[in-house]
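Examining the three-dimensional arrangement
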Amino acid sequence: MAAATSKVDHSSLRVNQALIILGLLAGFVFDVPWIVAGVAFVMLLGTAIGRPGFFFLYLGVLRPTGIVKPDVLSDNPEPHRFAQGFGGVVAGLAAVLLFLGAPPAGWALAWLVIALAALNLFVGFCVGCAVYYWLARIQVPGFAKLPPAGTVPGMRPRT
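Residues numbered from 1 in each chain as written. Predicted model: local features only at pLDDT ≥ 70, side-chain atom pairs only at ≥ 80, totals over all residues. Heavy atoms only, no water.

Moving on to a nonpolar patch on the surface. A contiguous nonpolar surface patch, about 440 Å² in accessible area, is contributed by Phe28, Val29, Phe30 and Trp111. Its place among the elements puts Phe30 in the loop between α1 (10–29) and α2 (33–49). Of the residues examined, Phe30 reaches a relative accessible area of 61% and is grouped as exposed. (Patch = residues over 30% accessible without salt bridge, like charges linked within 9 Å, V, L, I, M, F, W, Y side chains within 5 Å. Areas by Shrake-Rupley, 256 points an atom, 1.4 Å probe, with all protein chains shown as cover. Salt bridge = Lys/Arg side-chain N within 4 Å of Asp/Glu carboxyl O. Helix = DSSP H or I, 4+ residues; strand = E, 2+ residues; numbered from the N terminus. Buried < 20%, exposed > 50% of the residue type's maximum accessible area, 1.4 Å probe, protein only.)

Now the structure itself:
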């Protein structure tokens, strides 16, 4: 049986994923490790404050102008925070490797984050969320939430 859920605006999550992808792609195309570091910082800051990292663009520009409409679903915010935090750590490690002169390893990690964010954005499957739910299933301390009823762990809940 699934535990009680909260309301999560999946439009905000998708905007965040799109901006993570665009930011890391820009860092790669222009070969600018500072962009990768900036994206990692925003992801980790968002995790620390409990919001999608780029929520300020969603709430400040995209939603008020009607460019993006809210998509509020019954879901757990904790797996999304975990996924963003883990992605932020990987992107941060990518930036460190780039600054240390190991571009193949750094860009490989950046592309891993791009690929996983794209999988979530375009398919609706969050690998980090699935890992969170798996950790909850084996009762790792700090991982207590179960997926919403009728939802495959990691998949976007149905409306």
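Before going further, it helps to spend a moment on the nonpolar core. Ile20, Ile21, Leu24, Val36, Met43 and Val113 are the most contacted members of the largest nonpolar core, which totals 21 residues. Counting residues per element, this core draws most heavily on helix α5 (residues 103–123), at 7 residues. With residues up to four places along the chain from it excluded, the contact list for Val36 reads Leu24, Gly27, Ala91, Ala94, Ala95, Leu98 and Trp107. With 8 residues, the next largest nonpolar core counts Ala83, Cys126, Cys129 and Leu135 among its residues. (Core = buried A, V, L, I, M, F, W, Y, C linked by side-chain atoms within 4.5 Å. Contact = heavy atoms within 4.5 Å.)

To continue, consider the pattern of salt bridges. In the structure shown here, the tally under the stated rule is 3 salt bridges. Among the ionic pairs, Asp71 bridges to Arg14, the shortest N-O distance being 3.0 Å. With a gap of 57 residues between them, Asp71 in the loop between α3 (55–62) and β2 (72–75) and Arg14 in helix α1 connect regions that are remote in the sequence. Classification of Arg14 as partly exposed rests on a relative accessible area of 22%.

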